[in-house]
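Structural features, examined
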Amino acid sequence: MSQNELLGLFIKNEGQYVSGALASEVLGVSRTAIWKSIRKLESAGYEFEASTKLGYRLLFQPDKLDEKTIQSLLKTESFGLPLHYRDEIDSTQNAVRELAEEGVAEGVVVIADMQQAGRGRMGRSWLAPRGKGIWMSLLLRPLVPIHCAPQLTLLAAVALCRSLRRETGLDIGIKWPNDLLINGKKISGILLESAAEDERLKYIIAGIGISVNMSQSDYPEELLEKATSLRIASGNSFNRAQLLTAFLLEWETLYKLYLETGFQSIAALWESLSVSLGKKMELTTPQGKLIGVPIGLDGSGAIIVKRDDGEVVTLFSAEMGE
Ligand code: BTN
């Protein structure tokens, strides 16, 4: 029996339970073999509901995210051209760094169906299970001074937020600088790593993680309090290639606008999507904690905060609490 034959049986009986006894009779293998195959399908991203009385029911099938599927939907001029798909990788950031060092041009994307060692901001790890999310990195070579790098982080957040809102209809907002939230829970992360030479950016590796179709069981308990996926938040699953290509097009459009006209229009878009502005909160900065209300972005992309004592300060790096 092949994996596909078992899958075919579940797909033929969509929405229905298939008992282990029936599956083993139809496919001519033992119930243990059926059980092992189900475990394998689960590790490939499929989800089953198990009932001791009724058997198994297929709940979720991962969608295709290969180069061909993505290319058929891609409408960009340079972002995602070329695009390298990997079934499995340590981190897409590492793969793009290698390409950058080889001199590959801006726009190349590496996307993986799963990452074994996904990296988050501040040295954290990033959960990137198989078949459930968009785990990708894009190479940028903008001709801007090094101090403009934070602006590109905010730009990526705006592009991601605008495209996901349009594609999913969900109420998604940006928490400074670049976390995307639904009802206070994080659905994506952005990690920009850069290399510089003589005060100029040599390249930026923009890593994006979008938790698209993960279910509650994909998260460790402690993460469920602060993280969610588009599927958990909406009850619907989404086509990853469709979301990815819409995002790359939006990102490329805003990137061109930024290079032509500067940061101001991006800052205005960011402010309109922000869930951080106007809310009193605790901010943890490298210099210590403070209580205040973020009131806007300055020209460089730093956040302007009105402190409790009335003083206005500009923060380049901070963690926002509640
Ligand atoms: C964050 O901490 O919020 C940033 C998370 C960034 C995760 C993405 S997934 C694709 C790319 N590869 C990585 O190892 N990290 C980024």
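Residues numbered from 1 in each chain as written. Predicted model: local features only at pLDDT ≥ 70, side-chain atom pairs only at ≥ 80, totals over all residues.

Some words on the sheet that holds strand S10 (residues 281–285)
To summarise the sheet geometry, strands pair through backbone hydrogen bonds and adopt either a parallel or an antiparallel arrangement. Note the threshold: Two strands pair under a simple rule: DSSP has to find at least two bridges between them. To qualify as a helix, a DSSP run of H or I must reach at least 4 residues; to qualify as a strand, a run of E must reach at least 2; elements of each kind are numbered from the N terminus.
Overall, antiparallel pairing links the five strands, which are arranged S13-S12-S11-S10-S14 in an open sheet. Two strands bound the open sheet, and with one partner strand each, they are strand S13 (312–315) and strand S14 (319–320). Bridging between strand S11 (residues 288–297) and strand S12 (residues 303–307) involves five bridges; their strand directions are antiparallel. By the bridge assignment, proline 294 is partnered in S12 with valine 305.

With respect to the sheet that holds strand S3 (residues 83–86)
Rules: Whenever a helix is involved, its axis is fitted only over the stretch in contact; in every case the axis is a line through C-alpha atoms, and angles between N-to-C directions fall within 0 to 180 degrees. Contacts are defined on C-beta atoms placed from the backbone: any two residues whose C-beta positions lie within 7 Å are in contact.
Ordered by their spatial adjacency, seven strands build an open sheet running S3-S4-S5-S9-S8-S7-S6, and the pairing between neighbours is mixed. Looking at strand neighbours, the two that pair on one side only are S3 and strand S6 (173–175), the edges of this open sheet. On average, each strand axis in the sheet is tilted by 20 degrees relative to the strand beside it, whichever way the strands run. Judged from the 10 bridges that link them, strand S8 (residues 185–197) and strand S9 (residues 200–211) form a sheet pairing that is antiparallel. Across the sheet, residue glycine 189 finds its bridge partner in S9, namely glycine 209. Along the sheet face, helix H6 (residues 149–168) touches strand S5 (133–140), S6, strand S7 (179–182), S8 and S9 and points at about 145 degrees away from the line of S8.

As for the domain arrangement of the protein chain
Rules: Those domain boundaries reflect an automatic or database domain assignment. Residues were grouped as follows: Ala, Val, Leu, Ile, Met, Phe, Trp, Tyr, Cys and Pro as nonpolar; Asp, Glu, Lys and Arg as charged; and all remaining residues, including Gly, as polar.
You can read the domains of the protein chain as domain 1 (3–60), domain 2 (67–273) and domain 3 (281–320). Distance between the C-alpha centres of domain 1 and domain 2: 35 Å. The class makeup of the residues in the side of domain 1 that touches domain 2 is two nonpolar, two polar and one charged.

Re the confidence of the model for the protein chain
In plain terms, the rule: The quantity known as pLDDT measures the predictor's confidence residue by residue, on a range of 0 to 100.
Across the protein chain, pLDDT averages 95, with 100% of residues at or above 70. Across the interfaces of the predicted complex, the ipTM metric reaches 0.99, alongside a pTM of 0.94.

Some words on the environment of histidine 84
Our working rule: Burial is judged by counting the other C-beta atoms within 10 Å of a residue's own C-beta: 20 or more makes it buried, 12 or fewer makes it exposed, and any count in between marks it as partly exposed, with every C-beta position built from the backbone.
If you trace the backbone, histidine 84 turns up in strand S3. Accessibility expressed as a C-beta count within 10 Å gives 17 for histidine 84, which makes it partly exposed. It is 6.3 Å that separates the C-alpha atoms of histidine 84 and isoleucine 111, two residues lying 27 residues apart in sequence.

Quick word on the UniProt feature "domain: BPL/LPL catalytic" (unreviewed entry) in the protein chain
Threshold: UniProt positions are given in the numbering used here, feature names are shortened, and annotations may be inferred rather than shown by experiment.
Here the UniProt feature "domain: BPL/LPL catalytic" (unreviewed entry) sits at residues 68–259. Note that residues 68–259 is 34% helix and 25% strand, and that its end C-alpha atoms are spaced 30 Å apart.

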